[in-house]
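Listed below, chain by chain, are the residues.
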Amino acid sequence: MGALSIRDLNVWYGKQHALKQINAEIAQNQITAVIGPSGCGKSTLLKSLNRLLELNEQVRVEGQVWLDGEDIYRRDRDVTEVRTRIGLLAQKPFPLPMSIYDNVAYGPRIHGLARGNLDQIVRAQLEAVGLWAEVRDRLHSPATRLSVGQQQRLCLARTLAVEPEVLLCDESTASLDPISARGIESLIRTLRDRYTIVLVTHDIDQARRLADAVLFMWLGELVEYGPAQRFFEQPQEALTQQYLTREIG
Amino acid sequence: MKQVRRRRVRRALEEQCFLWLMRLSLLGAVGVLGMIVGVICWRGVGALSWEMVSSLPEGGFYLGREGGILNALVGSLYLACGATVLALCLAVPVVFYLHTYASKGRLRHSVRLALDILWGIPSIVYGAFGFAWMVSLGVRASLLAGILTLALVVLPILARTLDEVVEMTPVLLRESTLALGATRLEWMGVLLRQSLPGLLTAILLAFGRGIGDAASVLFTAGYTDNLPDSLLRPVASLPLAVFFLLGTPFPEVQARAYAAALILTAIVLGVSTFAHLSLARLGRYVIR
Amino acid sequence: MVVVGVAAALLLRSLPLLSTFSLFELWGGQVWQPMRGLFGYAPFVAGSLWVTAVAMAVAVVPAVFSGIYLAEYVSERGRGLLKPLLDLLVGIPSVVYGLWGILFVVPLVRDWIGPWAEQTVGDGLPFWGRTSPSGYGLLSAGLVLGIMVFPLIVAVTEEVMRSVPREMREALLSLGATRWETTKCSVRCVGLPGILAAVVLGFSRAFGETLAVMMTVGNVAQFPSTIFDPVYPLPALIANNYGEMMSVPLYEAALMHAALLLLGVVVVFNVGARLVIERLVRRIR
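Everything numeric in this text was worked out from a predicted model, so none of it was measured.

Draft legend 1. Representation of the overall build of chain A within the structure. The number of helices and strands found in chain A is 10 helices and 10 strands. For 249 residues, the compact-globule estimate of 2.2 N^0.38 gives 18 Å, and the C-alpha radius of gyration of chain A, at 18 Å, lies within 12% of that figure. Projected onto its principal axes, the C-alpha positions of chain A cover 55 × 45 × 30 Å. Taking the intrachain contacts of chain A between residues at least 6 apart in sequence as the baseline, contacts between residues at least 24 apart amount to 67%. Carbon together with sulfur atoms contributes 46% to the accessible area of chain A, which is approximately 10800 Å² in total. Averaging the positions of the 29 positive and the 31 negative side-chain charges in chain A gives two centres separated by 4 Å.

Shown next as structure tokens:
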């Protein structure tokens, strides 16, 4: 469950061709890192995977993204269903302006996932991100009072509470302090068994630490992708070599 | 799983319901508002003539004889211009002072609160207020009194709009200007240039409001068939002209009220459109 | 400070009245006969409140819906077209609305809504039995006022909803919420104080509106028994009688007191609403 297949994906912002003919397979239960310099289209690619790009009106998307044998861009496809199955952890933690409890409970509530045992779901998700012990006696205080690192973990719990199959992480550690960032990283690693994870990062070392497979993007094009080991040890393209040795980017 | 799917259908249905509800209300309202303009145009155009805008009411004008409403047209322009300029003289220093010297939030907050409350006060209250002054000072209805009262009506609009415009200036601009060693007075100059388009919009907005306001000038500016020749004489205004003409029992005179309303609407819409266009043009040199 | 100044001046001018009658007599009094020295404000206050209530009932829900729709669903280009239009409409003078009321709403109420109500609903519903055949009255004035404050509420609501952070919208959508659910949540969590402020703005505007109301409301000092009855709101009272007020003793003071009353209601309502709004904001943060 949760394998993604990107086929001939093209994205335009107005006249600017932001993603050029992307083709890639993202295997299930693996961490796939998308790396590249800023402005290369990493985030665009990520947001095209759960159709969040459509919020921007100038955007035009062509091509297909298949999730378990079905194109998520098919005309009659229900967007909310796609977004339920493909969750997103944003760059900056953005807790909803409600209580800690409601933040986690929001998703299950609207989807009608849990009649009666909402408390258990909230507890389970908060435990999964290691936040339960810290917040158990202030579940109903505003989520914005948490520290930034805690907020990001809360956002992760919120995303997981709707039981997605794919987890997209958009530089989710970039705006955190090093210790919280490490915390999120190890969390992501533990999630690998249950989710397909696509991780955008500009931090090559992070990709090295986490990734099973790597996509390297450059100016809107997919330069190279493959298993992490081969990618880092024997990059095929000259551009990749230069980027990994930090000559460019 | 089945339950979730059924719920999804219900959620989509709910969205569609509200979507149509919202569309309907917007459509209905836009339709009605368009109709207002339509009705005014349709009824007004018939009675509109060059004579209407170019001549004063002559004897028996209110019975259906010759004449126009030049008195009201000119009077309204005097009133609105005077009030806008006066309010501007008050509002600009206050707002700019608030944003350059009184940078601590407390004073700004309370001034804003006061302006909001002032904005909410009905213009007829201002009218009564102006009248109370006039009675105690023993003056009669006059252009001056009208301008002063109208300035009170317009002031909160002008000041609050301006305040918002200035508020939008990026903090970075302030910091980089002051970092260059500029004094606060010089910073005020930069601020002025930055908020010029907004200022113009605010002025036009205030002018439009001023020219359309009737309740405040009802007591204070009076009404006359002559052109205003002194600050201390009464002066006519367009909204009141509409009101009085409509109050006559003769259909052909009432038609003149429609025409006067059309002229008034045209002026207001013209000013407002101009404000929008100029904002788009002048906005080019503004840092966002 | 200006507010206090205005209030003080009005108070000063209405002192002669206040020294003759007690506040209770004035505010509770039901008879308004200046010639006999009777000044009862109750029917006027009631008239003002009723007209405003009808206007708000007509305007608030569609206006808030429209504002939300404009902010959340309409495309960039559509918004660029509709927003200036709304701004234009906010600026149309009240006399013009009043004129439209006389030309369109009054005949509509007289020839269509009135007879229809008489035939179908009639006395079945409270306030719908028809008594006034002229068309001038509570319903007409309320409709005109409602239409008048509509663009105002829409414009403010739209602004409020646009200020909802984009990250929040993205966060909700990626949880699989529909756009409507996203909107609902943004309204509840972020937009509510602002929308409340918009409604208050509309209320102040409607409560103090003079000419448009005066032209359509019928101006009969009474407590309305049906929605078609003419009433006599405070602003209309002041505006209609300014000419003759000098000749009758205490009349001027009485009108000044009416203005003071009007001011009082609007200011109290505004300040009260602001307190509520600030509370709400604090609870959300």
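Draft legend 2. Just the nonpolar core, in detail. Tyr106 of chain A together with Trp32 and Tyr97 of chain C are the most contacted members of the largest nonpolar core, which totals 176 residues. Counting contributing residues per domain, this core is built from domain 1 (2-47) and domain 2 (53-285) of chain B, each supplying no fewer than three. Leaving out residues up to four positions away in the same chain, tyrosine 106 of chain A has contacts with Leu96 and Met98 of chain A together with Leu172, Leu175, Ala177, Glu181 and Cys185 of chain C. In terms of nonpolar packing, the next biggest core, distinct from the first, is built from 34 residues, Trp132, Leu139, Ala161 and Tyr195 of chain A among them.

Draft legend 3. Spatial organisation of unusual backbone geometry. Residue and element names in this part refer to chain A. You will see that asparagine 29, though not glycine, has its phi angle at about 50°, which is positive. Tracing the backbone through its elements, the reader meets asparagine 29 in the loop between β2 (16-26) and β3 (31-35). Its identity is not glycine, yet glutamate 163 carries a phi of approximately 55°, on the positive side. In this structure, glutamate 163 sits in the loop between α6 (148-160) and β7 (166-170).

Draft legend 4. Structural context of the interface of chain C and chain A. Of the residues lining the interface, 23 residues belong to chain C; the matching set on chain A comes to 23 residues. A salt bridge links lysine 47 of chain A to glutamate 170 of chain C; the nearest nitrogen and oxygen atoms lie 3.4 Å apart. The tally of links between chain C and chain A comes to 3 residue pairs in polar contact (both at pLDDT 80 or more). Within the residue set of the side of chain C that touches chain A, elements represented by two or more residues are α4 (76-91), α7 (166-174) and α8 (179-208) of chain C. Looking at the side of chain C that touches chain A element by element, the count peaks at 8 residues for α7 of chain C. Of the residues that constitute the side of chain C that touches chain A, the class distribution is 12 nonpolar, 4 polar and 7 charged.

Draft legend 5. Structural detail: α8 of chain C. Look at α8 of chain C: only 38 Å from first C-alpha to last across 30 residues, short of the 44 Å you get at 1.5 Å a residue. Taken as a whole, α8 of chain C carries its principal kink of about 80° at glycine 191 of chain C; the proline proline 193 of chain C stands between one and four residues after it.

Draft legend 6. Just the side chain of threonine 173 of chain A, in detail. All names here are of chain A. Looking at where threonine 173 falls in the secondary structure, it is placed in the loop between β7 and α7 (178-191). Residue classification places threonine 173 among the buried residues on the basis of a relative accessible area of 13%. A distance of 2.9 Å separates polar atoms of two side chains, one belonging to threonine 173 and the other to glutamine 206. Contacts of threonine 173, omitting those with residues within four sequence positions, involve Ala181, Ile184 and Gln206.

Draft legend 7. The arrangement of the pattern of salt bridges in detail. Residues and elements named next belong to chain C. This model, assessed by the stated rule, comprises 32 salt bridges over all chains. A salt bridge links glutamate 72 to arginine 169; the nearest nitrogen and oxygen atoms lie 3.4 Å apart. Placement of the pair is glutamate 72 in helix α3 (residues 42-72) and arginine 169 in helix α7, with a sequence separation of 97 residues. Each member of the pair glutamate 72 and arginine 169 is classed as buried.

Draft legend 8. How the structure looks around the interface of chain B and chain C. On the side of chain C, 65 residues touch chain B, which itself brings 59 residues to the contact. Here chain B meets chain C over a buried area of about 5500 Å², counting both sides, of which 81% is carbon and sulfur. Three residues, Met22, Leu26 and Leu33 of chain B, lead the burial of chain B against chain C; their summed loss comes to 11% of the area buried on that side. Remark: the boundary between chain B and chain C carries 3 salt bridges. Between lysine 184 of chain C and glutamate 14 of chain B there is a salt bridge, and its shortest N-O distance comes to 2.8 Å. Counting across the interface, chain B meets chain C through 10 residue pairs in polar contact (both at pLDDT 80 or more).

Draft legend 9. A look at the side chain of arginine 85 of chain A. Locating arginine 85 of chain A in the fold gives a position in helix α2 (residues 79-85). Ignoring anything within four residues of it in the chain, the contact list for arginine 85 of chain A reads Leu67, Asp68, Arg77, Pro164, Glu165 and Val166 of chain A.

Draft legend 10. The pairing of β3 of chain A, seen in detail. All names here are of chain A. Most of β3 sits out of view: 5 of its 5 residues are buried. Every second residue of β3 is oriented toward a common face, with Ile31, Ala33 and Ile35 on one face and Thr32 and Val34 on the other, all of them buried. The pairing of β3 with strand β8 (residues 196-200) spans 4 bridges and is parallel. Directly across from isoleucine 31, in β8, lies its bridge partner isoleucine 197.

Draft legend 11. Just a nonpolar patch on the surface, in detail. Residue and element names in this part refer to chain B. Residues Leu86, Leu144, Leu148, Leu231 and Leu232 make up a contiguous nonpolar surface patch of about 430 Å² in total accessible area. Residue placement: leucine 86 occurs in helix α3 (residues 70-100). Note on leucine 86: relative accessible area 34%, which makes it partly exposed.

Draft legend 12. View of helix α4 (residues 118-128) of chain A. All names here are of chain A. Leu118, Ile121, Val122, Gln125 and Leu126 are the residues of α4 that are buried. Looking down the long axis of α4, one finds its buried residues gathered within 125° of arc, a one-sided arrangement. Opposite the buried face of α4, by more than 90 degrees, sit the exposed residues Asp119 and Gln120. Contacts from the buried residues of α4 go to α3 (100-111), α5 (132-135) and α6. Immediately beyond the C-terminal end of α4, within one or two residues, lies glycine 130, with a positive phi of roughly 70°.

Quick notes on the rules
- Residues numbered from 1 in each chain as written.
- Chains lettered and ligands numbered in written order.
- Predicted model: local features only at pLDDT ≥ 70, side-chain atom pairs only at ≥ 80, totals over all residues.
- Heavy atoms only, no water.
- Helix = DSSP H or I, 4+ residues; strand = E, 2+ residues; numbered from the N terminus.
- Rg over C-alpha atoms; globule rule 2.2 N^0.38 Å.
- Contact = heavy atoms within 4.5 Å.
- Areas by Shrake-Rupley, 256 points an atom, 1.4 Å probe, with all protein chains shown as cover.
- Lys, Arg positive; Asp, Glu negative; His and termini not counted.
- Charge placed at Lys NZ, Arg CZ, Asp CG, Glu CD.
- Core = buried A, V, L, I, M, F, W, Y, C linked by side-chain atoms within 4.5 Å.
- Buried < 20%, exposed > 50% of the residue type's maximum accessible area, 1.4 Å probe, protein only.
- Domains from an automatic or database assignment.
- Salt bridge = Lys/Arg side-chain N within 4 Å of Asp/Glu carboxyl O.
- Polar contact = N/O pair within 3.5 Å; in protein donor to acceptor, adjacent residues only side chain to side chain.
- Nonpolar A, V, L, I, M, F, W, Y, C, P; charged D, E, K, R; others polar.
- Expected span 1.5 Å × (residues − 1).
- Bend = angle between axes of the 7 residues up to and from the residue.
- Buried area = accessible area lost by both parts, 1.4 Å probe.
- Pairing = 2+ DSSP bridges.
- Patch = residues over 30% accessible without salt bridge, like charges linked within 9 Å, V, L, I, M, F, W, Y side chains within 5 Å.
- Arc of directions from axis to C-beta.

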